[in-house]
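# Examining the three-dimensional arrangement
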Amino acid sequence: DLFKNVPSISTVWMSHFDSLENIPTNFEVIACSTNNNSTDYDFTVPAALKHKSKDIYTLQFHPEVKDTVYGVQILENFADLCKLKKTWTTQNLIKDIEKNILDKVKDKNVLMFLSGGVDSTVAFALLCKVLGKDRVLGLFIDNGFLRQNEANEVIHKYADLGFYYNVEFRDYSNYFLQNIKDIFNAESKRKFIGKTFLDVREKFLKELSLDKSKWLLGQGTLYPDIIESGGSKKANVIKSHHNRIDIITEYIKQGLVVEPLADLYKDEVRILGKELGLPDEIVMRHPFPGPG
């Protein structure tokens, strides 16, 4: 049932460095792989098991990645086995996020860090849609780590989208680069860049005479950012993202941060961006390495 409508032989993404040596007696092998190009599948490399009497399945490969050609079909079959209803729609997602934004922000305003990338732009567009442009201020910073000529391109893009009076641009490239010139460890650098962003925010609030108690910090954080930064009980740190340094974590505990996309993955954010009417040049933009 797990492989309904899946060809008997198909391509999956699977690591052969981790493999099962002994199969539990109450399980049977229902899929296998081979380390070479032959089609002689002899069940020596188990790829999936099923419990002999219960609806329990195990996979050694990744059904969720694009390299697994029929991965979505396998996941749909699993959802059917679990008797789950398919209720996920972009419209439902937007409604949930809008409610979360209103619950989080209440009567305050949001100062949003913008990078010109898909994550922060979609988060910013959502906040503007829900709260109105008068309550959302975007801060686009040239931090010295952008693509060549990128700052001017991003400013013009935001103006074209109608975000010309609620987006402020500041060139702090020298400030960022001077701050990290003697830091060479990548992990230390990322954390220091995160702190520098917050320093810049403080300067910006003072410059515009904005009441700090009335402005939350907005970020385009995605779920992988949180996981890679070790932000859940069972996640080890892969790399700390600059939007997940200790000070930010403390701000979050105090309810001072709003992150509309924090439960989503990049492909979901792209779908969301299209639904909000953002152009492909932003929504399908190739990610650029984050600062650090």
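About the cut-offs
Residues numbered from 1 in each chain as written. Predicted model: local features only at pLDDT ≥ 70, side-chain atom pairs only at ≥ 80, totals over all residues. Heavy atoms only, no water. Helix = DSSP H or I, 4+ residues; strand = E, 2+ residues; numbered from the N terminus. Buried < 20%, exposed > 50% of the residue type's maximum accessible area, 1.4 Å probe, protein only. Contact = heavy atoms within 4.5 Å. Areas by Shrake-Rupley, 256 points an atom, 1.4 Å probe, with all protein chains shown as cover. Lys, Arg positive; Asp, Glu negative; His and termini not counted. Charge placed at Lys NZ, Arg CZ, Asp CG, Glu CD. pLDDT = per-residue confidence, 0-100. Pairing = 2+ DSSP bridges. Axes fitted to C-alpha atoms, helices over the stretch in contact; angles between N-to-C directions. Core = buried A, V, L, I, M, F, W, Y, C linked by side-chain atoms within 4.5 Å. Parallel < 35°, antiparallel > 145°, perpendicular 65-115°, else oblique. Nonpolar A, V, L, I, M, F, W, Y, C, P; charged D, E, K, R; others polar. Phe/Tyr/Trp six-rings, centres within 6.5 Å; stacked < 30°, edge-to-face > 60°. Lys NZ or Arg CZ within 6 Å of the ring centre and 35° of its normal.

## Focus: the overall build of the protein chain
- Across its full length, the protein chain carries 10 helices and eight strands.
- Taking the principal axes of the C-alpha coordinates as reference, the protein chain spans close to 70 × 45 × 35 Å.
- Expressed as a percentage of the 292 residues in the protein chain, the buried residues total 41%.
- The long-range share in the protein chain, meaning contacts at least 24 apart out of those at least 6 apart in sequence, stands at 71%.
- As displayed, the protein chain has an accessible area near 17,100 Å², and 51% of this comes from carbon and sulfur atoms.
- Considering the protein chain, the positive charge centre built from 38 side chains and the negative charge centre built from 40 side chains are found 5 Å apart.

## A closer look at the confidence of the model for the protein chain
- Taken over all residues, the pLDDT of the protein chain has a mean of 88, while the share at 70 or more is 93%.
- When mean pLDDT is taken per element in the protein chain, helix H1 (residues 71-81) scores highest with 96 and helix H7 (residues 223-228) scores lowest with 76.

## Observations regarding the sheet that holds strand S3 (residues 57-59)
- Strand order across the open sheet formed by three strands is S1-S2-S3, with antiparallel pairing between neighbours. The open sheet terminates on both sides in strands that have one partner only, identified here as strand S1 (27-33) and S3. Within the sheet, the average angular offset between the axes of one strand and its neighbour, ignoring direction, is 25 degrees.

## A look at the nonpolar core
- Ile101, Phe124, Leu127, Leu131, Leu261 and Leu272 are the most contacted members of the largest nonpolar core, which has 34 residues in total.
- Elements with a contribution of two residues or more to this core: helix H2 (90-105), strand S4 (109-114), helix H3 (118-131), strand S5 (136-142), helix H4 (150-160) and helix H9 (266-275).
- If you tally residues by element for this core, the top one is H3, at 10 residues.
- Leu111, Leu139, Ile141 and Phe145 belong to the second-largest nonpolar core, a separate cluster that totals 22 residues.

## Re the sheet that holds strand S7 (residues 215-218)
- What the five strands build is an open sheet, ordered S6-S5-S4-S7-S8; its pairing is parallel. In the strand order of this sheet, the two ends are held by strand S6 (167-171) and strand S8 (257-258), each with one partner.
- One ladder, built from five bridges, connects S5 with S6; its direction is parallel. Note on S6: the bridge partner recorded for glycine 138 is valine 167.
- Taken strand by strand, H3 contacts S4, S5, S6 and S8, and its axis lies near 160 degrees from that of S4.

## Side note on the packing of H2 against H9
- At a minimum axis separation of 10 Å, H2 and H9 run at an interaxial angle of 90 degrees. Our classification of the angle between H2 and H9 gives roughly perpendicular. Seen from H2, the contacting residues are Thr90, Gln91, Leu93, Ile94 and Ile97; seen from H9, they are Ile271, Leu272 and Glu275.
- Classifying every residue of the contact of H2 with H9 by side-chain character gives five nonpolar, two polar and one charged.

## As for the packing of aromatic side chains
- For the structure on display, the rule yields eight aromatic pairs.
- One Lys or Arg, lysine 203, reaches over the ring of tyrosine 175 and ends 4.4 Å from the middle of that ring.

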